[in-house]
Amino acid sequence: MNYSPIILNHNLTRFCGNVLLTISRMEGRQGLILIGSFSMKKFLKKLLVAAAVVITSIPALWAQGQDTLDQIEVKTYTRYSPVLTSARKLPTLPVFETPKAQLPTFQYDLPDFRYAVDPTYLPAKAIAVKTNRDQDLNDNYFKFGGGNYLTGLAEIHLHNTENKKYDFGGFARHLSSNASDPANADFSDNHLGIFGTQNSSKGKLSGELNYERHVVHYYGVTDTSVEFTKRQSNQIFNDVNGLVGWNSNPDKKGWGFASSFDFYAFTTLRQNENDFNLILNPFYEMKQKGKVDVRAAINYTALKHGMGNLNRTFVTINPTYAFRVKKFEIKAGLNAVYALDSNEGKFFPFPDIEIKHYIVPKRLKAFVTLRGGIQRNQFRTLAYINPFINYGAEVRQTVNQLDFSAGIKGALSKKVDYVVQINYLNQKDLPLFIQDSGVFNRFNVAYDKVGTFSMKTGLGVRLNEQFFVEWAGTFYNYSLDVQSNAWQLPDYDIDLNLRYTIGKKLNLRAQAYILGERFQKDFETQKAVKLKPVGDINIMAEYRYKENLAFFLNVNNVTNARYQKWYNYPSYGINVLGGLSFSL
């Protein structure tokens, strides 16, 4: 798994196991809780002071006798979190900004069109390159399109007019396809949601409530002599999720508080899973001396299916202290997790350390991180990674015993950025998808202790305001205790993106994505089968006819490659989607 440090200007973050996830825009979920009143200030101060006493001894090792940290801008750093799917990752503690409706850039994925992120690795992304800012549109937009495979797309977004105190609206999205080749590879994705934000002098409150329904079919049938109806091969996910978040404005002394409560109810035809997550995040900004941050979380998950029930509780506390000494930016802290499942409870202490050194100011930066934590695997998470998962698949937590990364990021010029990074991740009970018996070719989950060494390189070139290129590649090497191979995990991935804008009207994009060889264990022969590399080329065009009207055309899998993302599940061939979007 690869991580890239991201600078946070004290934005709200989500603590999920050992992962701190920056939320770049308001994606909260609706809920019924309001936390963060400063009636708790005395208690929070005592909590933060106690945490500071524990962790401030760590930065003293680097301070080397420095009495002050005057004129130093302190920033908090966090790890990059892999996104399983763009629409299904449940964020917490959203960032509250005055929203402006913009022409949507809706991402759609046909089944097996793109490789979903597995828990152990993240397809590399090149260094971020600034792009032209789209012109602001009116507050309501609509998007409609269609394509081959009887693909239909509809998206509606309703939003109140711009208001400094309130922001609310709703949206609906639908995407479906009725494929005959591969047979029974139909799918349907539906998403309804409402959201709202309230701004006041004391802070910002935001919430969101969503309903999602996703339908796929077990179309990777190996025995063609068996007859079955499409209904018998259904895999249907119903997902109700929500969140409410509160972020108080720091007082004159630097005390602040953020909190959130999120939940989901996830059901399939044979099982259901409920999850509740509460996060409390007091912090204290000490001006030039640094920032003390304490993130505490409690999570409860209940999974029920025909083979038994599973109840799990996670209690996490993550105190950190961020400061700067000369050209070094340092964050030091502790990530402590108590995990209690149906059988037993265990305590896990992990380090949370990050050091950055500006070798050449604004040109070259070196970084080192040392972390660990608990990856809270859920059936919902595994099902969104691999929708062809078998019902009743075993769910275990993954312990990230060691997560070390180091590298450099820099700029060769104002137009060229680069990154080189190595990472070693030692994980206990990493989930690996393995073929199961039966007609419908479902996948079970096998767990193993896996050590993953990876090397990532990235390059971003921006020639002018109209043209840029991004290239990224990551190579992986796995070591396992029990399994003979890291099932379904690639040995490399490469991502190339180009964007060109003509006259501020026509936006052209091209992407080439290559995924290396993977192995799967054939159930009948019990032998490892090598899956061929995936090569996927996509071309996208958008023409803005007017400020509130645009036309789009996407051509995916241009080479018509029938690769297999999952064993015996061939992908769609070339697929085209075109349509229009407009705002009112």
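Residues numbered from 1 in each chain as written. Predicted model: local features only at pLDDT ≥ 70, side-chain atom pairs only at ≥ 80, totals over all residues. Heavy atoms only, no water.

(A) Here's a closer look at the overall build of the protein. Along its length, the protein carries three helices and 30 strands. For the protein, the residues scored as buried account for 53% of the 584 residues in total. For the protein, contacts bridging at least 24 residues in sequence account for 65% of all contacts bridging at least 6. For the protein, the accessible surface area stands at approximately 26200 Å², while carbon and sulfur atoms represent 58% of it. (Helix = DSSP H or I, 4+ residues; strand = E, 2+ residues; numbered from the N terminus. Buried < 20%, exposed > 50% of the residue type's maximum accessible area, 1.4 Å probe, protein only. Contact = heavy atoms within 4.5 Å. Areas by Shrake-Rupley, 256 points an atom, 1.4 Å probe, with all protein chains shown as cover.)

(B) Region of the structure containing the confidence of the model for the protein. In the predicted model, the protein carries a mean pLDDT of 78, and 76% of its residues have values of at least 70. Across residues 1-138, confidence stays below pLDDT 50; counting only partners more than four residues off in sequence or on other chains, it has 414 contacts. (pLDDT = per-residue confidence, 0-100.)

(C) Structural detail: a nonpolar patch on the surface. There is a patch of nonpolar side chains on the surface, built from Val368, Leu370, Leu402, Phe404, Ile408, Val420, Ile422, Tyr424, Phe453 and Met455 and spanning about 720 Å² of accessible area. Residue assignment for the nonpolar patch shows that the elements contributing at least two residues are strand 17 (364-375), strand 18 (398-413), strand 19 (416-435) and strand 20 (443-462). Take Ile422: it is sitting in strand 19. A relative accessible area of 34% places Ile422 in the partly exposed class. (Patch = residues over 30% accessible without salt bridge, like charges linked within 9 Å, V, L, I, M, F, W, Y side chains within 5 Å. Salt bridge = Lys/Arg side-chain N within 4 Å of Asp/Glu carboxyl O.)

(D) Broad picture of the side chain of Thr398. Mapping Thr398 onto the fold places it in strand 18. Judged by its relative accessible area of 0%, Thr398 is buried. Separated by 2.7 Å, the side chains of Thr398 and Asn377 make a polar contact. Residues in contact with Thr398, not counting those within four places in the same chain, are Gly373, Ile374, Gln375, Asn377, Gln427, Lys428, Asp429, Leu430 and Pro431. (Polar contact = N/O pair within 3.5 Å; in protein donor to acceptor, adjacent residues only side chain to side chain.)

(E) Up close: unusual backbone geometry. A positive phi angle, near 65°, is found at Lys362, a position not held by glycine. Tracing the chain through its elements places Lys362 in the loop between strand 16 (345-360) and strand 17. For Lys362, a relative accessible area of 83% gives the class exposed. The backbone phi angle of Asn568 is positive, close to 70°, even though this residue is not glycine. Its location among the elements puts Asn568 in the loop between strand 28 (564-566) and strand 29 (569-570). Owing to a relative accessible area of 22%, Asn568 belongs among the partly exposed residues under this scheme.

(F) View of the packing of aromatic side chains. All told, the structure shown has 22 aromatic pairs when counted by the stated rule. Ring centres of Phe237 and Phe266 lie 5.3 Å apart, and the angle between their planes is 40°; on these two criteria the pair is classed as tilted. Remark: Phe266 occurs in strand 11 (residues 255-267) and Phe237 occurs in strand 10 (residues 234-248); sequence separation between them is 29 residues. Residue Phe266 is classed as buried on the basis of its relative accessible area of 1%. Here the aromatic rings of Tyr476 and Tyr478 are separated by 6.2 Å at their centres, their planes lie at 10°, and the arrangement is stacked. Like Tyr478, Tyr476 is buried. (Phe/Tyr/Trp six-rings, centres within 6.5 Å; stacked < 30°, edge-to-face > 60°.)

(G) Up close: the environment of Gly308. Structurally, Gly308 is set in strand 14 (residues 308-325). When its relative accessible area of 28% is taken as the criterion, Gly308 is described as partly exposed. Sequence spacing of Gly308 and Gly392 is 84 residues, and the spatial spacing of their C-alpha atoms is 8.5 Å.

(H) Molecular detail of the environment of Gly392. The residue Gly392 is located in the loop between helix 3 (379-385) and strand 18 in this model. Its relative accessible area of 18% is what places Gly392 among the buried residues. Sequence separation between Gly392 and Asn444 is 52 residues; the distance between their C-alpha atoms is 8.6 Å. Those residues in contact with Gly392 that lie beyond four places of it in its chain are Gln271, His305 and Met307.

(I) Summary view of the pattern of salt bridges. The tally for this structure, following the rule as stated, stands at 15 salt bridges. With a shortest N-O distance of 2.7 Å, Arg462 and Glu465 are connected by a salt bridge. A residue is classified by how much of its surface remains accessible, and Glu465, at 46% relative accessible area, is partly exposed. Between Lys530 and Glu517 there is a salt bridge, and its shortest N-O distance comes to 3.7 Å.

(J) Just the nonpolar core, in detail. Grouped together as the largest cluster of nonpolar side chains are 35 residues, with contacts concentrated most on Phe379, Phe388, Ile389 and Phe433. Elements supplying a minimum of two residues to this core: strand 11, helix 3 and strand 20. It is helix 3 that provides the largest number of residues to this core, a total of five residues. The contact partners of Phe379, leaving out residues within four places of it in the chain, are Phe266, Thr268, Gln271, Glu273, Leu303, Ile389, Asn390, Ala393 and Val395. In this structure, Leu432, Ile434, Val450 and Tyr476 belong to the second largest nonpolar core, which totals 10 residues. (Core = buried A, V, L, I, M, F, W, Y, C linked by side-chain atoms within 4.5 Å.)

(K) Spotlight on the pairing of strand 10. Of all 15 residues in strand 10, 13 are buried; the element is thus mostly enclosed. In the sheet, strand 9 (residues 203-217) pairs with strand 10 via 15 bridges, with the strands oriented antiparallel. When the sheet's bridge partners are listed, Glu212 is paired in strand 10 with Asp239. Here strand 10 runs beside strand 11; their pairing, made up of 10 bridges, is antiparallel. Within strand 11, the residue paired with Asn241 across the bridge is Tyr264. The loop that links strand 10 with its antiparallel partner strand 11 comprises six residues; one of these, Gly254, has a positive phi angle of about 100°. (Pairing = 2+ DSSP bridges.)

(L) The arrangement of the pairing of strand 11 in detail. Most of strand 11 is tucked away, with 10 of its 13 residues classed as buried. Of the pairings in the sheet, the one linking strand 11 to strand 12 (residues 271-285) comprises 13 bridges and is antiparallel in character. Paired with Phe266 across the two strands is Glu273, which belongs to strand 12. Here strand 11 folds back onto strand 12 in antiparallel fashion, the turn holding three residues.

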